[in-house]
Amino acid sequence: MTRCRFEDEIEAYLRGSLDPEGEDRFEEHYFNCPSCFRLTAERGALREAFKAGGEKAFPARPRPRPVPGWVYGAAAAASLIAAVLLFLPPPRPKPLPFTFSGDETVRGAGIAVVEPRGSLPAPPGRLAWEPVPNAARYEVVLTSGQETLWTTETKDPEVGLPPDLKARLQEGGVYLWRVRAFAAEGRMLAFSEKTSFTVGR
Amino acid sequence: MIRGDDAEKLLQATAQFRRVVGFKVRRSLGWWNPDWEDLTNDILALAVAKIQAGEFRGESSLGTFIYSLTRNLVADYFRDKSRVFLQALDPPSPLPGPEERTQKEEEILRLEAAVRKLKPKYREVVYHYLLKGLSREETARALGLTVAQVSDRANYALKLLRRSLGSKFFPFTGPGND
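As the structure is a computational prediction, the values presented were derived from the model and not from experiment.

Visitor: Even after reading the chapter, I still don't get the packing of helix α3 (residues 34-53) of chain A against helix α6 (residues 120-131) of chain B, so can you show me in this structure?
Guide: The geometry of a pair of packed helices is captured by two quantities: the angle between their axes and the separation between those axes. α6 of chain B packs onto α3 of chain A with a crossing angle of 90° between their chain directions and a minimal axis gap of 9 Å. It follows from the interaxial angle that α3 of chain A and α6 of chain B lie roughly perpendicular. Between α3 of chain A, through Arg43, Leu46, Arg47 and Phe50 of chain A, and α6 of chain B, the contact on the second element is made entirely by Val126, Tyr129, Leu130 and Leu131 of chain B.

Quick look at the structure:
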């Protein structure tokens, strides 16, 4: 059986030491070469399992070998290189690989919740939050466990709870609510964390 | 455009790529990321749709065609994860769920048992080569062996581990791939 010339690249691929073009070329190859794929997948699965298991997979650690003399020389050279590197300017951080388009934003723009939160003696009369600049409307969701109890929209940074909903908020129940702010053209501007409150405790 | 029996054969051949696509996806997303199965299914479904639509004209091999789709969809996955669509309320967690965690723990126990069965001379090669991720050359230097000795021991140790762990441990290999 002839040995595929790409077999020599399996190890480097699994260790992640091929350059991006080399990695692409090798991956395209194993999509077409069952023999290389079998070897790559087998070794890859073992490597991943060892990575996950770490030292646990080695109940008895292998005995360390006596260190050859040349290792001390290499260590001294490495220390010298490390000392030189310390005085070099730090490398520039790589740019982010992707850009954001106009209808996207970085997660994290939050809405500060005013009330209700925590333990309440009675069902709350309203849900309130800090206004968000340029928000045309707010969308509010109130849930209990997996059930959505109420959703509504408002233009103001607060909304009153309808009486029938208030009546459904049981004593001892845990409720979550969150609010999202939207611009006039429908773009979401910000959202709050899920805020919980309990009634009657 | 490929039609008739040829198209049918292509569709059957596409199904044979499940393992290779799954392996590539799992490796790209992170081995324990639960999204890998869904993404693999998406890629194969897209490959089938494109073949049926006549977009695969046989100018490259089927493997290369499916590899291109896989690479593009994996890139899309990361693009989607690195930015946030404003309509999204709760992003799915990329962390392994309880099922993956249990599977992971079971695999570690089985691996531990398999490693225990190895003779020390194989175990030390496996330790450096597979656990520490050293190359064969580095392993040889660490253990005071020649590269050829490391290669022989590593290959034999892999064979023993494969036999000891069984085919279920290697979801991407087995009958149908060779």
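That was the structure; now back to the text.
Visitor: Could you clarify how one ought to interpret the packing of helix α7 (residues 136-143) of chain B against helix α8 (residues 147-165) of chain B in this entry?
Guide: Residues and elements named next belong to chain B. Where α7 contacts α8, the axes come no closer than 8 Å and their chain directions differ by 105°. By the angle between their axes, α7 is roughly perpendicular relative to α8. Side by side, α7 and α8 meet where Arg136, Glu137, Thr139 and Ala140 of the first sit next to Val147, Val150, Ser151, Ala154 and Asn155 of the second. Here the residues of the contact of α7 with α8 sort into four nonpolar, three polar and two charged.

Visitor: Can you walk me through the pattern of salt bridges in this structure?
Guide: Close approach of charged atoms allows side chains with opposite charge to pair. Per the stated rule, a full pass over the model turns up 17 salt bridges over all chains. Two residues, Glu138 of chain B and Arg15 of chain A, come together in a salt bridge whose shortest N-O distance is 3.9 Å. Pair noted here: Glu138 of chain B is in helix α7 and Arg15 of chain A is in the loop between α1 (10-14) and α2 (20-32), and the two residues belong to different chains. Residue classification places Arg15 of chain A among the partly exposed positions, given a relative accessible area of 31%. The salt bridge involving Lys50 of chain B is made with Glu55 of chain B; its shortest N-O contact spans 2.9 Å.

Visitor: Quick question: what am I supposed to make of the side chain of Ser192 of chain A here?
Guide: Residue and element names in this part refer to chain A. Relative to the helices and strands, Ser192 is located in the loop between β9 (188-191) and β10 (195-199). The class for Ser192 is buried, based on a relative accessible area of 0%. Those residues in contact with Ser192, other than ones at most four positions away along the chain, are Ile111, Val113, Arg178 and Val179.

Visitor: Teacher, can you tell me more about α2 of chain A here?
Guide: With 13 residues, α2 of chain A extends 19 Å from end C-alpha to end C-alpha; this agrees with the ideal 18 Å at 1.5 Å per step. Here α2 of chain A has its buried residues at Gly22, Phe26, Glu27, His29, Tyr30 and Phe31 of chain A.

Visitor: I keep staring at the environment of Tyr127 of chain B and nothing clicks. Help me out?
Guide: Position of Tyr127 of chain B among the secondary structure elements: in helix α6. Counting along the chain gives twelve residues from Tyr127 of chain B to Val115 of chain B, while the straight-line C-alpha distance between them is 9.3 Å.

Thresholds applied
Residues numbered from 1 in each chain as written. Chains lettered and ligands numbered in written order. Predicted model: local features only at pLDDT ≥ 70, side-chain atom pairs only at ≥ 80, totals over all residues. Heavy atoms only, no water. Axes fitted to C-alpha atoms, helices over the stretch in contact; angles between N-to-C directions. Helix = DSSP H or I, 4+ residues; strand = E, 2+ residues; numbered from the N terminus. Parallel < 35°, antiparallel > 145°, perpendicular 65-115°, else oblique. Contact = heavy atoms within 4.5 Å. Nonpolar A, V, L, I, M, F, W, Y, C, P; charged D, E, K, R; others polar. Salt bridge = Lys/Arg side-chain N within 4 Å of Asp/Glu carboxyl O. Buried < 20%, exposed > 50% of the residue type's maximum accessible area, 1.4 Å probe, protein only. Expected span 1.5 Å × (residues − 1).

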